[in-house]
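Here are the chains, one letter per residue:
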Amino acid sequence: MKTIDLVIIGGGSAGMAAAIQARKDGIEDILILEKDGSLGGILNQCIHNGFGLTEFKEELTGPEYLTRFADQVKEMGIPYKLNAQVTNITPDKKVTYSSLEDGLVTIQAKAIVMATGCYERGAGAIQIPGDRCAGIITAGTAQKYLNIHGYMCGKQIVILGSGDIGLIMARRLTLEGAKVICVSEIMPYSNGLNRNIAQCLNDYDIPLYLSRSVSKVIGKNRVEKVILSAVDEKMQFIPGTEMEIKCDTLILSVGLIPYVSLLNNIDCPTGSTKGPKVNEHMETMIDGIFSCGNCLHVHDVVDFVTDEGRLAGHGAALYLKEQLPTGEDINVVPGEGVGYVIPQTIKKSTTEEVTLKFRVRKPIKDVFVIIENNGNQVAKSFKPVLIPSEMTMVKLVSDKLKDIKGELTVRLEKRA
Ligand SMILES: Cc1cc2nc3c(=O)[nH]c(=O)nc-3n(C[C@H](O)[C@H](O)[C@H](O)COP(=O)(O)OP(=O)(O)OC[C@H]3O[C@@H](n4cnc5c(N)ncnc54)[C@H](O)[C@@H]3O)c2cc1C
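Just so you know, these numbers come straight off a predicted model, no measurement behind them. (Residues numbered from 1 in each chain as written. Predicted model: local features only at pLDDT ≥ 70, side-chain atom pairs only at ≥ 80, totals over all residues. Heavy atoms only, no water.)

Participant: Give me the lowdown on the sheet that holds strand 15 (residues 225-230), citing residues and values where you can.
Facilitator: Strand order in the open sheet formed by three strands is 14-15-16, with antiparallel pairing between adjacent strands. Looking at strand neighbours, the two that pair on one side only are strand 14 (212-218) and strand 16 (243-246), the edges of this open sheet. Direction aside, the axes of adjacent strands within the sheet are offset by 30° on average. (Pairing = 2+ DSSP bridges. Helix = DSSP H or I, 4+ residues; strand = E, 2+ residues; numbered from the N terminus. Axes fitted to C-alpha atoms, helices over the stretch in contact; angles between N-to-C directions.)

Participant: Tell me what's going on with the layout of surface pockets, and back it up with residues and numbers.
Facilitator: One simple way to see leftover space: roll a probe sized like a water molecule over the atoms. Each pocket or cavity is described by its volume, and for the second largest pocket that value is around 350 Å³. Forming the walls of the second largest pocket are 15 residues, and the residues nearest its centre are D307, L311, E353, T355 and K395. Of all the secondary-structure elements, those providing two or more residues to the lining of the second largest pocket are helix 8 (302-320), strand 23 (354-360) and strand 26 (392-396). Looking at which element gives the most residues to the lining of the second largest pocket, the answer is helix 8, with four residues. Here the lining of the second largest pocket is composed, by residue class, of six nonpolar, two polar and seven charged. (1 Å grid on protein atoms, 1.4 Å probe; cavity = no way out; pocket = protein on both sides within 12 Å on 5 of 7 lines; lining within 4 Å. Points joined across faces, edges and corners; volume = space filled by probe spheres on them. Nonpolar A, V, L, I, M, F, W, Y, C, P; charged D, E, K, R; others polar.)

Participant: Mind laying out the site of the ligand, listing which residues take part and the relevant values?
Facilitator: Every one of the 35 residues lining the ligand counts as a neighbour, but A14, E34, I42, N294 and V302 are closest to it. The contact in question runs from an oxygen atom of the ligand to an N or O atom on the backbone of A115, over 3.4 Å. In this structure, V302 approaches the ligand through a main-chain N or O atom, which is 2.8 Å from an oxygen atom. Alone, the ligand offers 1,000 Å² of accessible surface; in the complex the protein occludes 95% of this. Listing elements by their share of the shell around the ligand, those giving two or more residues are helix 1 (13-24), strand 3 (49-51), strand 6 (84-89) and helix 8. Of the residues forming the shell around the ligand, the biggest block, three residues, is contributed by strand 6. (Near = heavy atom within 4 Å. Polar contact = N/O pair within 3.5 Å; in protein donor to acceptor, adjacent residues only side chain to side chain. Areas by Shrake-Rupley, 256 points an atom, 1.4 Å probe, with all protein chains shown as cover.)

Participant: A description of the nonpolar core should follow, citing residues and the corresponding values.
Facilitator: In summary, soluble globular proteins display a tendency toward joint burial of nonpolar side chains. Counting residues in each nonpolar core, the largest one holds 40 residues, and the members touching the most others are L6, I8, I30 and V113. Mapped onto this core, the elements with two or more residues apiece are strand 1 (3-9), helix 1, strand 2 (30-33), helix 2 (62-75), strand 8 (103-114), helix 8 and strand 21 (338-342). When residues in this core are grouped by element, the largest group, seven residues, is from helix 8. Residues contacting I30, with those up to four places away along its chain left out, are I4, L6, I8, A19, A22, R23, I78 and P79. (Core = buried A, V, L, I, M, F, W, Y, C linked by side-chain atoms within 4.5 Å. Buried < 20%, exposed > 50% of the residue type's maximum accessible area, 1.4 Å probe, protein only. Contact = heavy atoms within 4.5 Å.)

Participant: Let's hear about the pattern of salt bridges: which residues, and what values?
Facilitator: The final tally for this structure, using the stated rule, is 18 salt bridges. Between R68 and E58 there is a salt bridge, with the nearest N and O atoms lying 3.1 Å from each other. On the criterion of sequence distance, the pair formed by R68 in helix 2 and E58 in the loop between strand 3 and strand 4 (60-61) is long-range, its members being 10 residues apart. On the basis of relative accessible area, R68 is assigned to the partly exposed category, the value being 32%. (Salt bridge = Lys/Arg side-chain N within 4 Å of Asp/Glu carboxyl O.)

Participant: Tell me what's going on with the pairing of strand 12 (residues 179-184), and back it up with residues and numbers.
Facilitator: For a regular strand, side-chain orientation follows a simple rule: the groups alternate between the two sheet faces. Here strand 11 (residues 156-160) runs beside strand 12; their pairing, made up of five bridges, is parallel. By the bridge assignment, L160 is partnered in strand 12 with S184. Between the parallel elements strand 11 and strand 12, the chain passes through helix 5 (residues 164-175) in a crossover that is right-handed. One ladder, built from two bridges, connects strand 12 with strand 13 (residues 208-209); its direction is parallel. By the bridge assignment, V183 is partnered in strand 13 with L208. (Right-handed = clockwise from strand over helix to strand, strands pointing away.)

Participant: Go over helix 6 (residues 194-201) with me, naming the residues and quoting the values.
Facilitator: Regarding helix 6, the residues found buried are N196, I197, C200 and L201. Angularly, the buried residues of helix 6 cover 105° about the axis, an arc narrow enough to put them on a single face. Looking at the buried side of helix 6, the elements it contacts are helix 5, strand 12 and strand 13. (Arc of directions from axis to C-beta.)

Participant: Outline the environment of Y319, supporting the account with residue identities and numerical values.
Facilitator: Counting through the fold element by element, Y319 comes out in helix 8. The spacing of Y319 and P91 is 228 residues in sequence and 16 Å in space, taken between C-alpha atoms. Dropping the residues within four chain positions of it, Y319 is found in contact with K93, K110, A111, E283, D287, G288, F290 and L324. Reaching out from Y319, the side chain makes a polar contact with the side chain of D287 at a distance of 2.7 Å.

Participant: Residues and numbers for the packing of helix 1 against helix 2, please.
Facilitator: Running from N to C, helix 1 and helix 2 cross one another at 35°; their axes reach a closest spacing of 10 Å. Viewed along their axes, helix 1 and helix 2 form a crossing whose handedness is left-handed. Where helix 1 abuts helix 2, its residues S13, M16, I20 and K24 lie against Y65, L66, F69, A70, Q72 and V73. (Left-handed = near helix turned anticlockwise from the far one by under 90°.)

Worth remembering: the numbers are spatial, not functional.
Below, the structure written as structure tokens:
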């Protein structure tokens, strides 16, 4: 069986950044395995602009952004295999992939970076009441049909969920001649970025109904109408609030879930993001297996995916050189107002700055983010506005970690 130092599963933004960083850190023997026919992952279908503002200080389209990294992968001579789907991994890092070119192959990796991205929640996951007819489609699939294959998914469209992909598709379908009747969001606030609400809905006079969801789909062969009803605080439909809307398509933008079935097969512990638990070097709880990007937790901005990919690639390089910090772990837990925090553990002996990434549970203004250990403040920063759709980051210098006993809590406190 062939042995390879570092196998990277998934050639999207996260996987490419991990490969480039690991090579810069001196790892020569790398292989990227990508199941699609090109590098770049989801960015291939994101032809809108808005990518790379942090990384390049430019507004690029998805394909432009990915090309900058794919070009580097090629220039650095990092080997990659396309149309190569990984079908299994083992805790001792055997990686099995299937490709037309090679057949079914198992290789022994010394380290693995998991960068398999995420998948969309579909109609089954949210149990929409009503008919099971054609014309119900997820926003990412509608995006792929339109931007890659040139197919319109419908003419009269209702979008359920105000996630960014749904908002972007509202604009895209409008520009292509469809009528986007409305976007309906079950929460009392949008799950998309503010800039997408302004640029994709407000600019095109597309109404956004908050605290309202689909209570029934009606259609014999294809969707003919949907009923939208208001919901109460317990997300129960309120009788008497029904709105009947004629449409031929219902697009779902109701959440993304890290794609971790390969890790689940080896019982890799997961956190509340549904991605694996990781330490400050993005190493999962399984020795030598690292994770980054949307497969770890769903990101709103690709520049942060790239950064996390670099961190995982750097971690994998240190692992291969036996230079990763060892010893006691500090657990990091979400406190008041915080949904999750990554990483979930930090090696006390780490000498590198650690960035804690988290999302708040609901929109909040004028708050302090407090990092605390046994009631003592380790760090405190003020944030004028925090919303669940935007990841928040707080840096922690390693000097602060030496005296920690027990766990670190990240919590919010309203400014008095
Ligand atoms: C529709 C959409 C619109 C977005 N718009 C913006 C925006 O405007 N601005 C912005 O900054 N960010 C945006 N983002 C966020 C950002 O672009 C993504 O979060 C980021 O590109 C994800 O990178 P990734 O590498 O983690 O995942 P992906 O790009 O999904 O890459 C994962 C790769 O892994 C491969 N893979 C999966 N399983 C296997 C397997 N078993 N074997 C081999 N390969 C496998 C997949 O084929 C894929 O290529 C958007 C995201 C989405 C989904």
